[in-house]
Amino acid sequence: MEDVSSQEPAPNKDTLGSLKSQETPQTYISLEEHEPTGCSSRELVLEKARAACRCSSLSLRRLLPVLEWLPQYSPRTQLLGDVVSGLLVGVVAIPQSISYSLLANQDPIYGIYTNFFCNIIYAAAATSRHASVGSFGVLCLMVGQSVTRHLQLAGYGDSSTALGDNSSSPRNGTEACDRSCYAITVALSLSFLVGLYQILLGVLQMGFVAVYLSEPLLGGFVTGSSLTIITSQMKYLLGLKIPRHEGVGSFILTWVDLFRHIHNTNICDLLTSLVALAIIVPIKELNERYKERMKAPFPIELLVVIVATVTSHYFDFQQRYKAAVCGHIPTGFRKPTVPDISLFPSLALDALPIAVIGFAMTVSLAEIFGKKHGYAVSANQEMIAIGLCNLIPSFFYCFASSAALTKTLLKESTGSQTQVSGLVTSLVLLLVLLWISPLFYSLQTSILGVVTIVNLRGGLRKFRDTPRMWQLSKLDTVVWWATMLCSTLVTTEIGLLVGVCFALLCIIFRTQRPRATLLGKVSDREVYEDQATYKQLSSIANVKIFRFECSLYYANKDYFKAVLYQKTGVDPVLLAARTNTEPGSSGGCWGTSFGCLRQARSRAEKPAADACPPCTDMHTLILDCGAMQFIDTAGLSVLKETHQDYKEVGVQVLLANCNPSIRQRLREGGWAGQAGGPGGQLAFHSIHDAVQFAERWHRGESRGKQAPPLPETEDVNFQVSL
């Protein structure tokens, strides 16, 4: 327990705070620090390992939170909201499952498999009650890019033909399965690695990794990926059969091909797409505008899909107008399979950004709605949950998934209480898998492209937020634009990497050249503020108060000295050198290794004529360390150098507002003396204490009385080489 006592110290007692004047008694604050626990790093690691490996019923409930909340489930108060919410999310998930399969370069059935299995697993393993998992547009885009690349490497034909066309075969004849078989093999192997990465991150308690993906970074990445998705879907809206470009510049190359083949546009697909857009977009806008008055949004996407399928079937669009359709969608489930281990080396790098984006989106949505509804969400458990949603379904022909924003918003707004709503959604998809899926044979792929594009409106709306973001933070806006442009014009993976690196560089830039100011006193108050920001602040005579608004470390140590000399108007090195070159300066400020400050100790005993002439009007420099979180060895060395340089020209340096970790570092580093020595008297709890000490010291000097003792400089590193 911290001992805080108010007392008058003995003459030689070391205190952390104000020193007593010779004339006016002063109250001191003496703080006694806690004793260190003495726990070694090895013991700490072993204790953590034992805690992590302890098998008990509690750890099982943590791994499967369903065991904790399901026994407390109240059907009377919670079941109705969960059933209604689950049904509505399932209705929306049907067209999205099919359309996102197109984006992931897979047959429609695999999108339905993905949404079916991951909802069941997430309901058992997640701590969030409102997040809805399934196929997510950005992840499907990244999966589709990886699948397309591996299809090309394996020698398969282009995938731009209609879905369900499995006639393509490898040119080199090295594979036994057709193009669709190889595509899902790549996708499920990728999903296995993604889930493995996410589970490992969760087990290793690395949920904090998500904090490095800032909101501007994620926003720019989602917007850039949305533009890429829209570009990839345009060929379906126009009914064009053009190759799918991957890699650097795929965005531009795709648009070049679109304009090059624009004369081959299928009029039937184009008209169908325009009609679907004209119907879906206004209805969804009305759903959002009047969502507070509506009990549930109108399922316009499913209605358009049903009407378009019936119309295409009875008017035979496929035969009459050569419109691309989904084709046969099988019913039931396939036998479980295992991932292709031979693909792991080539997929290991592709899986990493998918895993990062997947758990970042899941954790973010879970925490947002957990905070809104007042329950705790474990980031590490969410990573394990979404990892299981990717790893286990990979044995059942599923591709990577994560929490999806549109479905989560729908789920929360329609009365969901628990993850039972996710089980209801899986039941809806089960009906599709067992009986309904063949009815979508005549559904045009252009309708699927429209459904995909319409659901990207949220990402595109972020363009409207950039002016406001620019007003709040220019660096955040630059991060957003850099991530968005790289994700669009280069690749999504490189865009994510550039965004992370650029965001970290912005943090370094902010700390490398932070704000530095001189402080003035608010009239009749013990408050000191920035003189450049506020008016009517009074300066302390011959005292400079300098605030450095960042931690002091190796990257900003040179800037610290430069801005300190600039703000105070005193460069002690140049001043001492100039004094040293003047005639008769051997006894001046550069005369001894201790300079004027040592001679000042004996001014009361020497005649005034023999005293060292002042080198500057400033007699005290106070460094406000309140904004410093830490000081590294380079920063400590700079403080030592600053103390010594100003000491040579007769200026004492005082520290104020140091936190305990900085005071500990100063003691261990020998700041102004040996650790635990009198150097502690140069650190004050407040700026006002330091100012009072400086004024008393100056009055003691001017009257020729014995001033409060200053610390001796013991460390040889403080000496100045002559």
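The rules we used
- Residues numbered from 1 in each chain as written.
- Predicted model: local features only at pLDDT ≥ 70, side-chain atom pairs only at ≥ 80, totals over all residues.
- Heavy atoms only, no water.
- Helix = DSSP H or I, 4+ residues; strand = E, 2+ residues; numbered from the N terminus.
- Buried < 20%, exposed > 50% of the residue type's maximum accessible area, 1.4 Å probe, protein only.
- Contact = heavy atoms within 4.5 Å.
- Areas by Shrake-Rupley, 256 points an atom, 1.4 Å probe, with all protein chains shown as cover.
- Polar contact = N/O pair within 3.5 Å; in protein donor to acceptor, adjacent residues only side chain to side chain.
- Pairing = 2+ DSSP bridges.
- Phe/Tyr/Trp six-rings, centres within 6.5 Å; stacked < 30°, edge-to-face > 60°.
- Lys NZ or Arg CZ within 6 Å of the ring centre and 35° of its normal.
- Salt bridge = Lys/Arg side-chain N within 4 Å of Asp/Glu carboxyl O.
- Patch = residues over 30% accessible without salt bridge, like charges linked within 9 Å, V, L, I, M, F, W, Y side chains within 5 Å.
- UniProt positions renumbered as here; feature names shortened; annotations may be inferred.
- Core = buried A, V, L, I, M, F, W, Y, C linked by side-chain atoms within 4.5 Å.
- Axes fitted to C-alpha atoms, helices over the stretch in contact; angles between N-to-C directions.
- Parallel < 35°, antiparallel > 145°, perpendicular 65-115°, else oblique.
- Nonpolar A, V, L, I, M, F, W, Y, C, P; charged D, E, K, R; others polar.
- Left-handed = near helix turned anticlockwise from the far one by under 90°.
- pLDDT = per-residue confidence, 0-100.

What follows is about the overall build of the protein. Secondary structure assignment for the protein yields 27 helices and 11 strands. A burial count over the protein gives 51% of its 722 residues as buried. At a minimum sequence separation of 6, the contacts of the protein that also span at least 24 residues come to 79%. Here the protein displays about 34500 Å² of accessible surface, and carbon together with sulfur accounts for 60% of that area.

For the rest of this paragraph, the subject is the environment of Val 478. Tracing the backbone through its elements, the reader meets Val 478 in helix 20 (residues 474-489). Separated by 28 residues in the primary sequence, Val 478 and Cys 506 place their C-alpha atoms 9.3 Å from one another.

Okay, the side chain of Thr 265 next. Assignment of secondary structure puts Thr 265 in the loop between helix 9 (250-260) and helix 10 (267-289). Accessibility expressed as a relative area gives 16% for Thr 265, which makes it buried. Among the polar contacts made by the side chain of Thr 265, one reaches the main-chain carbonyl oxygen of Ile 262 at a distance of 2.6 Å.

A separate point is the pairing of strand 5 (residues 516-522). Counting buried positions over the 7 residues of strand 5 gives 5, a clear majority of the element. In the sheet, strand 5 pairs with strand 6 (residues 528-530) via 3 bridges, with the strands oriented antiparallel. Counterpart to Leu 519 in the pairing with strand 6 is Asp 530.

This model, assessed by the stated rule, comprises 24 aromatic pairs. Ring centres of Tyr 553 and Phe 630 lie 6.1 Å apart, and the angle between their planes is 50°; on these two criteria the pair is classed as tilted. With Tyr 553 in the loop between strand 8 (543-548) and helix 22 (557-568) and Phe 630 in the loop between strand 9 (620-624) and helix 25 (633-648), this pair connects stretches of sequence that are 77 residues apart. Given a relative accessible area of 40%, Phe 630 falls into the partly exposed group. Ring pairs connect the aromatic residues Tyr 110, Tyr 113, Phe 116, Phe 117, Phe 333, Phe 396 and Tyr 397, which therefore count as one cluster. One cation-aromatic arrangement involves Arg 129 over Tyr 375; the distance from NZ or CZ to the ring centre is 4.3 Å. Cation over ring: Arg 334 sits above Tyr 397, and NZ or CZ is 4.1 Å from the ring centre.

Glancing now at helix 15 (residues 405-413). Among the residues of helix 15, those classed as buried are Lys 407, Thr 408, Leu 410, Lys 411 and Glu 412. Turning to helix 15, the residues buried within the fold contact helix 4 (75-103), helix 5 (108-125), strand 3 (133-134), helix 13 (344-373) and helix 16 (420-436). One or two residues past the end of helix 15 sits Gly 415, with phi positive at roughly 100°.

Moving on, we come to the pattern of salt bridges. Evaluated as defined, the whole model comprises 14 salt bridges. Between Lys 372 and Glu 412 there is a salt bridge; the shortest N-O distance is 3.1 Å. Of the two residues, Lys 372 is situated in helix 13 and Glu 412 in helix 15; the sequence distance between them amounts to 40 residues. Classification of Glu 412 as buried rests on a relative accessible area of 14%. Arg 510 serves as the salt-bridge partner of Asp 476, at 3.5 Å between the closest nitrogen and oxygen. Remark: Arg 510 occurs in helix 21 (residues 492-512) and Asp 476 occurs in helix 20; sequence separation between them is 34 residues. The exposure class of Asp 476 is partly exposed, given its relative accessible area of 28%.

A cluster of nonpolar residues, Phe 333, Leu 431, Leu 434, Trp 435, Ile 436 and Leu 439, forms a patch on the protein surface that exposes about 620 Å² of accessible area. The residue Leu 439 is located in the loop between helix 16 and helix 17 (445-454) in this model.

Feature annotation in UniProt assigns "transmembrane region" (unreviewed entry) to the following positions: residues 182-204, 216-238, 258-284, 296-315, 351-370, 382-405, 417-436 and 480-509. Secondary structure content for residues 216-238 is 100% helix and 0% strand, and the end C-alpha separation is 33 Å. The straight-line gap between the two end C-alpha atoms of residues 351-370 is 28 Å; of that span, 100% is helix and 0% is strand.

Attention shifts here to the nonpolar core. Residues Tyr 113, Val 143, Ile 354, Phe 359, Phe 440 and Leu 443 are the most contacted members of the largest nonpolar core, which totals 111 residues. Per-element accounting of this core gives the leading share, 13 residues, to helix 13. Apart from residues lying up to four places away in sequence, Ile 354 is in contact with Leu 139, Met 142, Val 143, Leu 190, Val 194, Gln 198 and Ala 400. The next biggest cluster of nonpolar side chains, apart from the first, holds 30 residues, and it includes Leu 564, Ile 631, Cys 658 and Trp 671.

For the pair helix 4 and helix 17, the least separation of the axes is 9 Å and the interaxial angle reads 100°. Classified by the angle between their axes, helix 4 and helix 17 sit roughly perpendicular to one another. Residues Pro 95, Ile 98, Ser 99, Tyr 100, Leu 102 and Leu 103 of helix 4 form the contact with helix 17, whose participating residues are Thr 445, Leu 448, Val 451 and Thr 452. A class-by-class count of the residues in the contact of helix 4 with helix 17 yields 7 nonpolar, 3 polar and no charged.

Quick look at the side chain of Thr 488 now. Within the element layout of this structure, Thr 488 appears in helix 20. In this view, Thr 488 contacts Gly 224, Leu 227, Thr 228 and Phe 251; residues no more than four positions away in its chain are not counted.

Turning our eyes to something else, we now look at the packing of helix 7 (residues 179-203) against helix 14 (residues 379-391). Between helix 7 and helix 14, whose axes approach to 7 Å, the crossing angle comes to 160°. Put simply, helix 7 runs roughly antiparallel to helix 14. For the pair helix 7 and helix 14, the crossing hand works out as left-handed. Contact residues: Ser 191, Phe 192, Val 194, Gly 195, Leu 196, Gln 198, Ile 199, Leu 201, Gly 202 and Val 203 in helix 7; Asn 380, Met 383, Ile 384, Ile 386, Gly 387, Leu 388, Asn 390 and Leu 391 in helix 14. For the contact of helix 7 with helix 14, the residue count by class is 11 nonpolar, 7 polar and no charged.

Our focus in this paragraph is unusual backbone geometry. Positive phi, normally seen in glycine, also occurs at Asn 105, with a value near 65°. Structurally, Asn 105 is set in the loop between helix 4 and helix 5. Phi angles above zero are rare outside glycine, and Asp 316 is one such case at about 50°. Along the polypeptide, Asp 316 turns up in the loop between helix 11 (300-314) and helix 12 (317-321).

Our focus in this paragraph is the environment of Gly 219. In this structure, Gly 219 sits in helix 8 (residues 215-238). Look at Gly 219 and you get buried, because its relative accessible area is 8%. For the pair Gly 219 and Val 479, spaced 260 residues apart in the sequence, the C-alpha separation amounts to 9.7 Å. Leave out the neighbours within four places in its chain, and Gly 219 touches Lys 462 and Trp 480.

Before going further, it helps to spend a moment on the confidence of the model for the protein. Per-chain confidence: the protein averages 79 in pLDDT, with 79% of residues scoring 70 or above. Counting interchain partners and residues more than four positions distant, the pLDDT-below-50 stretch residues 1-28 has 62 contacts. Note on residues 160-164: pLDDT under 50 across the span, and 16 contacts to partners over four residues away in sequence or across chains.

Tracing the chain through its elements places Ile 267 in helix 10. What makes Ile 267 exposed here is its relative accessible area of 54%. Along the sequence, Ile 267 and Leu 238 sit 29 residues apart, while their C-alpha atoms lie 7.5 Å from each other.

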